[in-house]
Amino acid sequence: MGEQPIQVSVMCAVYNHEKYVRKALQSFVDQKTNFRFEVLVHDDASTDGSAAIIKEYEEKYPDIIKPIYQTVNQYSQGVSIGKTFQLPRAQGKYIAFCEGDDYWTDPNKLQEQFDFMETHEDYVLVAHGSDIVDENGTYISEFSKITKTDYEKGQLIEDINAFQTASMFYRKTMWEKNFDFLNTVSMFDYVTKSVLSTEGKIHIIPKIMSAYRKGSLGSWTQRVAQKSDQHMKHLVNSIEFYKKLDAYRNYEFRDIIALEIKRREYMYLMLDRSAESSRKILREHRDKFKQLHLLGKISILLSATGLYKPKKEKS
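What you see is a predicted model, and the numbers here were worked out from it, not measured in a lab. (Residues numbered from 1 in each chain as written. Predicted model: local features only at pLDDT ≥ 70, side-chain atom pairs only at ≥ 80, totals over all residues. Heavy atoms only, no water.)

## So, the packing of aromatic side chains
Using the criterion set out here, one finds 14 aromatic pairs in the structure. A cation over an aromatic ring shows up here: Lys193 above the ring of Phe163, its NZ or CZ 4.7 Å from the ring centre. Cation over ring: Lys288 sits above Tyr266, and NZ or CZ is 5.7 Å from the ring centre. (Phe/Tyr/Trp six-rings, centres within 6.5 Å; stacked < 30°, edge-to-face > 60°. Lys NZ or Arg CZ within 6 Å of the ring centre and 35° of its normal.)

If you want it as structure tokens, here you go:
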């Protein structure tokens, strides 16, 4: 008999994760499965010792750890790492994710998700609970309280933060079916979640099986979310994505998608806080304005008159 085929391809993006990547890699090779899986590591020209640690694991586990070592940072060139370097070489029937600064905490994670998907053909994705830890691995809180374990088609769009990226597990055919559309948008976890949600049902295993590091060096939060100008650009792109998704799905989920667009427009206006943006909050987002604390309301009212404008974080 020949060698068993690979069933799961794990995608791991690394950039200057020297402090964390060993924990992530060890959590991958510690997985207990009755099937073969591979870990597709992409080191995006790290300038620290990340590549050396990856190399160590590559030599020790050559049948599992399969790296790409870039010499020029691809993300800064606008290249989609997943679409360009990871997916074309994925051999598995299923795709799982874990960034180089996060890690899995349960050695049975992949097996449990594999078993679920193999016996539930009507589900397009299975996820699970996660903890939030600081950069040293100290527990902070749960990523999201699991109050709902099953989502019908389209429902997840309204609850996009129900689970963290490192918990996602889905069929590779998702990419093959939607390849042309996905090539028109920038890839983020919310994009994958939303596209999958419009295809079928999603299940969340009510169990903590991974850890998300909050604010770690080189993370998206540090590079984008904590810098107002970068965050605003990201929100513009996300609004454009949802408009494209709406058309792509022939407006089947128009009401749900409209709410998601409105939420992100409000976030953009809150970051911008120009007089024009503040007036737009008062005109079009009265419900959210009413929910603000007193100082927030005063700030927006003053901004709307042009008398006050909060300082933005430098990008």
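The discussion continues.
## Quick look at helix α9 (residues 228-248)
In an α-helix, one full turn covers 3.6 residues, which means residues spaced three or four apart are oriented alike. Across its 21 residues, α9 extends 30 Å between first and last C-alpha, which sits within 8% of the 30 Å expected from 1.5 Å per residue. A positive phi of about 55° marks Asn250, the residue just after α9. (Helix = DSSP H or I, 4+ residues; strand = E, 2+ residues; numbered from the N terminus. Expected span 1.5 Å × (residues − 1).)

## Regarding the pattern of salt bridges
Applying the stated criterion across every chain yields a total of 17 salt bridges. In this structure, the salt-bridge partner of Glu252 is Lys153, at a minimum N-O distance of 4.0 Å. You can see Glu252 sitting in the loop between α9 and α10 (254-272) and its partner Lys153 sitting in the loop between β8 (150-151) and β9 (169-171), a full 99 residues away along the chain. Through salt bridges with shared partners, a single network forms among Asp106, Glu112 and Lys207. (Salt bridge = Lys/Arg side-chain N within 4 Å of Asp/Glu carboxyl O.)

## Quick look at a positive patch on the surface
Taken together, the side chains of Lys243, Arg279, Lys280 and Arg283 make up a positively charged region of the molecular surface. Of all the elements, helix α11 (residues 275-284) adds the most residues to the positive patch, at three residues. With respect to the helices and strands, Lys280 occurs in helix α11. (Patch = residues over 30% accessible without salt bridge, like charges linked within 9 Å, V, L, I, M, F, W, Y side chains within 5 Å. Areas by Shrake-Rupley, 256 points an atom, 1.4 Å probe, with all protein chains shown as cover. Lys, Arg positive; Asp, Glu negative; His and termini not counted. Charge placed at Lys NZ, Arg CZ, Asp CG, Glu CD.)

## Brief notes about the nonpolar core
Residues Leu125, Phe163, Tyr170, Leu182, Val195, Phe241 and Tyr242 are the most contacted members of the largest nonpolar core, which totals 36 residues. Breaking this core down by element, the ones donating at least two residues are β4 (94-97), β6 (123-133), α5 (173-177), α6 (179-182), α7 (189-197), β10 (201-213), α9 and α10. When neighbours within four sequence positions are excluded, Leu182 is seen to be in contact with Lys83, Met174, Trp175, Met187, Val191 and Val195. Residues Ile64, Cys98, Phe114 and Ala166 belong to the second largest nonpolar core, which totals 32 residues. (Core = buried A, V, L, I, M, F, W, Y, C linked by side-chain atoms within 4.5 Å. Buried < 20%, exposed > 50% of the residue type's maximum accessible area, 1.4 Å probe, protein only. Contact = heavy atoms within 4.5 Å.)

## A word on the state of the cysteines
Evaluation of the coordinates by the stated rule reveals zero disulfides. Here Cys12 is not cross-linked by a disulfide; its sulfur's nearest cysteine counterpart is in Cys98, at 6.0 Å. You can call Cys12 buried: its relative accessible area is 0%. (Disulfide = S-S within 2.5 Å.)

## Comments concerning empty space enclosed by the protein
Enumeration over the complete set of coordinates arrives at one cavity of 30 Å³ or more. There is about 30 Å³ of room inside the largest cavity. Lining the largest cavity, in full, are His128, Gly129, Ser130, Phe143, Ser144, Ile146, Ala162, Phe163, Gln164 and Ile204. Tallying contributions element by element places β6 first for the lining of the largest cavity, with three residues. Considered class by class, the residues forming the lining of the largest cavity number five nonpolar, five polar and no charged. (1 Å grid on protein atoms, 1.4 Å probe; cavity = no way out; pocket = protein on both sides within 12 Å on 5 of 7 lines; lining within 4 Å. Points joined across faces, edges and corners; volume = space filled by probe spheres on them. Nonpolar A, V, L, I, M, F, W, Y, C, P; charged D, E, K, R; others polar.)

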